[in-house]
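# Commentary on secondary and tertiary structure
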Amino acid sequence: MLSRHHLALAVLLACPLAALAQQGPLTGDWCGNRSCLAECGVTFDLDAVQFFGGVTSGGLEQTGRYAGHNDYVVNFDMDKLAGREGLFVKLRAEHRYGE
């Protein structure tokens, strides 16, 4: 069972995350170009995941390790671009870094 302190902490953590989820794209609308491209059928997505792990006490080595993974996606709605109903093209690239 969660105590009042755990519940309060969960609410405090959830509020900024909910506000972040409601904001627009991180890089903005590119002077209207992003929304114009989206109307024409081209959308962009970027996901970044970062990891840090380490031993804080005990063990032989108390250092941390950092790594991450980025995912880049461009979606093409070919119905909007070329009148090809039902055709959707996804171009995806990823890269990993760290240890």
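Our structure's up above, just so we're on the same page.
Everything quoted here is computed from the prediction, not taken from an experiment. Here the residue numbering is sequential within each chain, running from 1 through the sequence in written order. For a predicted model such as this one, the threshold for reporting local features is a pLDDT of at least 70, and the threshold for listing and counting side-chain atom pairs is 80 or more; totals across whole chains, interfaces and linings nevertheless cover every residue. Side-chain measures here rest on the full set of heavy atoms in the structure, leaving out hydrogens and waters.

Tracing the chain through its elements places Asn 70 in strand β2 (residues 64-77). A polar contact is formed between the side chain of Asn 70 and the side chain of Tyr 72, at a distance of 3.2 Å. Only DSSP runs of H or I covering at least 4 residues are called helices, and only runs of E covering at least 2 are called strands; the numbering of each starts at the N terminus. Polar contact is defined as a pair of N or O atoms within 3.5 Å, subject to the rule that within protein one atom must be able to donate a hydrogen and the other to accept it, and that residues adjacent in sequence are counted only when both atoms are side-chain atoms.

Right, let's get into the sheet that holds strand β1 (residues 42-54). Spatially, β1-β2-β3 is the arrangement adopted by the three strands of the open sheet, whose pairing is antiparallel. In the strand order of this sheet, the two ends are held by β1 and β3 (88-98), each with one partner. Pairwise comparison of adjacent strand axes, ignoring direction, gives a mean angle of 10° for this sheet. At least two bridges found by DSSP between two strands is the condition for calling them paired. Sheet topology note: the β2/β3 ladder contains 11 bridges and is antiparallel. Bridge pairing links His 69 to Arg 96 in β3. Every angle, taken between N-to-C directions, lies between 0 and 180 degrees, and every axis is a line fitted to C-alpha atoms, over only the stretch in contact when it is a helix.

Glancing now at the side chain of Asp 71. For Asp 71, the location among the structural elements is in strand β2. In this structure the side chain of Asp 71 is engaged in a polar contact, spanning 3.0 Å, whose partner is the side chain of Arg 92. We call two residues in contact when some of their heavy atoms are within 4.5 Å. Those residues within four positions of Asp 71 in sequence are excluded, and the remaining contacts are Asp 45, Leu 46, Asp 47, Arg 92, Ala 93 and Glu 94.

Proximity of charged atoms lets side chains of opposite charge pair with each other. Salt bridges, as used here, are contacts in which a Lys or Arg side-chain nitrogen is within 4 Å of a carboxyl oxygen on Asp or Glu. Per the counting criterion, the structure on display carries three salt bridges. Here Glu 94 makes a salt bridge to Arg 92, at a shortest N to O gap of 3.0 Å. A relative accessible area of 46% means that Arg 92 is categorised as partly exposed. When salt bridges that share partners are traced, they join Asp 71, Arg 92, Glu 94 and Arg 96 into one network. Throughout, exposure labels follow a simple rule: accessible area from a 1.4 Å probe, protein chains only, divided by the maximum for the residue type, with under 20% read as buried, over 50% as exposed, and the rest as partly exposed.

Now for the environment of Ala 93. Position of Ala 93 among the secondary structure elements: in strand β3. The class for Ala 93 is partly exposed, based on a relative accessible area of 40%. Between the C-alpha atoms of Ala 93 and Tyr 72, which are 21 residues apart in sequence, the distance is 5.1 Å.

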